[in-house]
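# Notes for the structure review
The primary structure of each chain is shown beneath.
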Amino acid sequence: MARGSTRPTSRDVARAAGVSQAAVSLVLGDKWRGRVSEATAARVRQAAQDLGYRPNLAARNLRLGQARTALLVVPALTNEFFAAVYEGAARIAAKHGFGVVLYPSPEGIGPAPDPFASARAALDGIIASSMASEALTEIRGDDLPLVMLDSDPADSLGAATVNLDITDGMHQITDHLLTLGHRRYLHLAADIDSWTFHVRARELATRVGQAADTEVRTAKTPITIEGALAAAENALNGPGPRPTAIVCDDDKLAVGAYKAARRLGLRIPNDLSVTGFDDLALATAIEPELTTVHLDAELFGERGMTALLAVLEGETPPEGNIPVELVVRGSTAPPRPS
């Protein structure tokens, strides 16, 4: 049975019947003819009966053409990136008669912890960031169609997964810095147990490790400017030759790196190159402007909502990661000769 749930879910039915969650939606929504076999439909119905599964109210509303709503679960409403994800999701939702309700995880700032508290609440599906996946248990959304964002496709909770090409983003950063001649790196890493940050760390270490005479040190920090400042200052003051490039998991962390460099009397990029990830507004608000990976957050939200609509219709969502692009600005340059 799904984690955090005391009743069977559509995911449990899919597992018991040996089919996809989309197939379960087709069969129990009586849309299976011509799309799955009679034997498969019978197997799904039997699994649902054995488990005592009952479709949720939102699915009934969808069939009756009543109001449809998607829940977007994000780490915090105050985060510029996730605000843009919401805009993209809401744009696609509106074209299909859906509304989008925002739900930040417990660490965020937003509405009451339980959007299901009202008996009138009826959700058709959920789009959730992997950084807020623990909130899914809090809102008891296990039995709803789920699309995960920034999540390991091989171990996703969702019926579909939508990802930005984080691997390629880190490749672009490391290739840029290696081409400039950097060999000693500091990875200012987000101290968050999330797939997207695991990928960044892995790809940085792998890519840099393929070049001769290179070194990567890691300093973990919360995604705050203050935390990044302390972590970067401590690392730059550490023993051994000083890193010539700081690779940051997030633009906010890069701002902390800037402040640490200033405290230590280091000039960017003359003495130290710095890169970010996200391309937030602050990337061009600091001097020198930040070299960073541009992530199309609105397109991310659009693709997430498109995937959820496909799952609800029993269709296969579009595949492929969303491309990202390195934007080279003034914070990177060749290292000073030793």
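These remarks concern the structure in this document. (Residues numbered from 1 in each chain as written. Predicted model: local features only at pLDDT ≥ 70, side-chain atom pairs only at ≥ 80, totals over all residues. Heavy atoms only, no water.)

### Quick word on the overall build of the protein
A count of helices and strands for the protein gives 11 helices and 11 strands. Burial status across the protein gives 50% buried among its 338 residues. Put simply, of all contacts in the protein between residues at least 6 apart along the chain, 72% involve residues at least 24 apart. Of the roughly 15400 Å² of accessible surface on the protein, 50% is carried by carbon and sulfur atoms. (Helix = DSSP H or I, 4+ residues; strand = E, 2+ residues; numbered from the N terminus. Buried < 20%, exposed > 50% of the residue type's maximum accessible area, 1.4 Å probe, protein only. Contact = heavy atoms within 4.5 Å. Areas by Shrake-Rupley, 256 points an atom, 1.4 Å probe, with all protein chains shown as cover.)

### Let's talk about the packing of aromatic side chains
In this description, an aromatic ring pair is defined by two values, namely the gap between the centres and the angle between the planes. This structure, assessed with the given rule, holds two aromatic pairs. Both rings, one in F81 and one in F82, keep their centres 5.2 Å apart while their planes meet at 90°; by these two values the pair is edge-to-face. Between the aromatic rings of F81 and F300, the centroid separation amounts to 6.2 Å while the plane-to-plane angle is 50°, which identifies the pairing as tilted. Of this pair, F81 sits in helix α5 (residues 80–95) while F300 is found in helix α11 (residues 297–312), placing the two residues 219 residues apart along the sequence. Residue classification places F300 among the buried positions, given a relative accessible area of 1%. Through a chain of ring-to-ring contacts, the aromatic side chains of F81, F82 and F300 assemble into a single cluster. Above the ring of F277, the side-chain terminus of R200 is found at 4.3 Å from the ring centroid. (Phe/Tyr/Trp six-rings, centres within 6.5 Å; stacked < 30°, edge-to-face > 60°. Lys NZ or Arg CZ within 6 Å of the ring centre and 35° of its normal.)

### As for the pairing of strand β1 (residues 68–74)
Burial runs high along β1: six of the seven residues are buried. Here β1 pairs with strand β3 (residues 125–129) via four bridges, running parallel. Bridge pairing links L72 to I127 in β3. (Pairing = 2+ DSSP bridges.)

### Focus on the side chain of S151
On the secondary structure map, S151 appears in the loop between β4 (146–149) and β5 (160–162). Under the relative-accessibility criterion, S151 is labelled buried at 7%. Residues in contact with S151, not counting those within four places in the same chain, are S130, S156, T161, N163 and W195.

### With respect to unusual backbone geometry
In the segment running from I268 into P269, the intervening peptide bond is cis, with an omega of 5°. Mapping P269 onto the fold places it in the loop between α10 (251–263) and β9 (273–278). Following E287, the chain continues into P288 via a peptide bond in cis, with omega recorded as -10°. Inspection of the secondary structure assignment puts P288 in the loop between β9 and β10 (291–294). For D279, which is not a glycine, the phi torsion comes out positive at approximately 65°. Mapped onto the fold, D279 is located in the loop between β9 and β10. For D279, a relative accessible area of 18% corresponds to the buried category.

### Section: α10
A rise of 1.5 Å per residue sets the reference length of α10, with its 13 residues, at 18 Å; its end C-alpha atoms lie 19 Å apart and thus fit the reference within 8%. At its buried positions, α10 is contacted by β6 (184–190), β7 (215–221), α9 (225–236), β8 (245–248), β9 and β10. If you check the start of α10, you find a side-chain oxygen 2.7 Å away from the backbone N of K252, and it comes from D250. Looking at the residues trailing α10, positive phi occurs at G265, about 75°. (Expected span 1.5 Å × (residues − 1). Polar contact = N/O pair within 3.5 Å; in protein donor to acceptor, adjacent residues only side chain to side chain.)

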